[in-house]
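If you want the building blocks of each chain, they are given just below.
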Amino acid sequence: MKRWPMLGVVATVMLAGCVPAPARRAPEVELVIPDTWQAADGEAGPSAPGADWWSAFPDPVLPGLVEEALAANHDLHAAAARLEQAQAAARVAGADLRPQVGVGLSGVRQRQVFVGLPIPGAGDVLSTQSTRYGVSVDVSWEVDLWGRMRAGARAAVADAQAAAADLEGARLSLAAQTARAWFAAVEASEQLALAEATLASRGASAEVVRRRYDQGLRPAVDLRLARSQRAEAEALVAQRRGQLAVSIRALEVLLGRYPGGSLEQRLTGVRLPPPPPAPAGLPADLIARRPDLVAAELRLAAAGHRQLQARRALYPRLALTAAGGTASDQLGDLLDGDFRVWSLLAGLTQPLFAGGRLRAGVSGAQAAEDEALARWAGAALRAFGEVESALAVGALLERREASLTEAADQLAGARGLAEERYRGGVGDYLTLLESQGRELAARSAVLALRRQRLDNRIDLHLALGGGFGPPAAAERAEWRP
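To start, this report covers the structure provided alongside it. Since the model is a prediction, treat every value here as computed from it, not as a measurement.

### Describing the packing of aromatic side chains
Part 1 of the argument: By the definition in use, this model includes four aromatic pairs.
Part 2 of the argument: Plain terms: the ring middles of W53 and W54 are 5.5 Å apart, the flat faces sit at 75 degrees to each other, and that makes the pair edge-to-face.
Part 3 of the argument: By relative accessible area, which is 1% here, W53 ends up buried.
Part 4 of the argument: You can call W54 buried: its relative accessible area is 6%.
Part 5 of the argument: Geometrically, the ring pair formed by Y422 and Y429 is tilted, given 5.1 Å between the ring centres and 55 degrees between the ring planes. For the pair Y422 and Y429, one class covers both residues: buried.

### What about the nonpolar core?
Part 1 of the argument: Membership of the largest hydrophobic core comes to 49 residues, with the highest contact counts inside it found for W53, L62, W182 and F183.
Part 2 of the argument: Mapped onto this core, the elements with two or more residues apiece are helix 1 (62–72), helix 2 (74–95), helix 3 (148–214), helix 4 (220–254) and helix 7 (429–464).
Part 3 of the argument: For this core, the leading source of residues is helix 3, giving 19 residues.
Part 4 of the argument: Leaving out residues up to four positions away in the same chain, W182 has contacts with D59, V61, L62, L65, L251, R266, L267 and V270.
Part 5 of the argument: In this structure, W37, L293, W376 and A379 belong to the second largest nonpolar core, which totals 21 residues.

### A look at the pattern of salt bridges
Part 1 of the argument: Across all of its chains, the model carries 22 salt bridges by this definition.
Part 2 of the argument: Put simply, R210 and E207 hold a salt bridge, and the shortest N to O gap is 2.6 Å. A residue pair is termed a helical-turn pair when its members lie 3 or 4 positions apart in one helix, as R210 and E207 do in helix 3 at three residues.
Part 3 of the argument: In this structure E207 comes out as partly exposed when scored by relative accessible area, which is 33%.
Part 4 of the argument: When the shortest N-O distance is used, the salt bridge between R450 and E401 registers 2.8 Å. In this pair, R450 is assigned in helix 7 and E401 in helix 6 (residues 357–423), connecting sequence segments 49 residues apart.
Part 5 of the argument: What emerges from the salt-bridge pattern is a single network uniting D409, R415, E419, E439 and R443.

Rules used in this analysis
Residues numbered from 1 in each chain as written. Predicted model: local features only at pLDDT ≥ 70, side-chain atom pairs only at ≥ 80, totals over all residues. Heavy atoms only, no water. Phe/Tyr/Trp six-rings, centres within 6.5 Å; stacked < 30°, edge-to-face > 60°. Buried < 20%, exposed > 50% of the residue type's maximum accessible area, 1.4 Å probe, protein only. Core = buried A, V, L, I, M, F, W, Y, C linked by side-chain atoms within 4.5 Å. Helix = DSSP H or I, 4+ residues; strand = E, 2+ residues; numbered from the N terminus. Contact = heavy atoms within 4.5 Å. Salt bridge = Lys/Arg side-chain N within 4 Å of Asp/Glu carboxyl O.

That's the geometry; what it means functionally is another story.
Listed below in structure tokens is the structure:
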């Protein structure tokens, strides 16, 4: 058992070397984190790759679909653009630490009037006209004496790294959505095949009833019941076709394709695979690589830097300004060193009274850091809950599927006996109808439960932030401006 402070759960975050959060007080709330997941049921199996966890599912079509979605999905492109915006903002914030240099070229034509200085013979008003040209190089720089601007730049870098984690989270979510949509389409295809087989069976039964009715062996009520069952089977086929069409088009939208239903041909012969086994005793440390927790930790770091920036804004600021160049009334003299001019200015300012604005900024930054810490703590608890829930539910779903499959097999045997008894003239048609309906419901429930197990395994990958193996090197990459 490991006893970790709340702030230390993701201390081994995959973005090694990222901008550290400033030192803060030890959080009062602590978590007791076990070495293994409490809901693990001893299931064992090979570890899946950390980066492409979807390849662990025994489905030959799924990996290609996920890769296509990651390359073409428009929402993912939007998330990538947001990352570029955050990186650009970080570069802008870092530029304040460097001197600002500019080149200027000026030309002034001026007329002055000297009031009260009349000169005999010169009229009532004395005036003069002059022309002045200048070229200069201007340099300005605020010396970061107390680290105020460095704190702001580090906060912007942390925001950019959090945006990178958000993009990784968007990739993980898109891969999960694609896998879910594909398995939903496969289930819809199998449900349609089951409905079509049921329609064929109901049609054959209705024909048997009709022949026996024509022979005067069965009453009219049996014929009407048989025909109603066939009509219901036809309606079910239409319903399943509609569900298949919707699921295929939802998948095509995720892939960035026009939703025209062209993927239906890929479903030929495809069946829902069993979910891959999860290794027993998954270490709780794996949760540290979840992109949302990485982003929350980085935003907590950014909030800490902004709090430091707000405090340093109370201290004096030192600004240096320098300019050098030439000035003359002739353009040709601008390159002559005899006409050079220069200036150098240093200014030290100390805020004294700003109506409480600076102190309020410190309080607001502290509150923002406290909010970021609380958000991170809540996200960490939810993450642990999601993993434990996925593991616990996965074991229960497996048992339910085994029980439902056994029930469906028994109902199939009962339906066969009921059909045999009816053909022999000793069975009741209502018993036959009930056995057929219950078998159909059981087979349909088995398919739905099998897909639910696949969705649960996808949820587990989402909760862990990827596969069961160690995170890939790319997942630990760090962005620097």
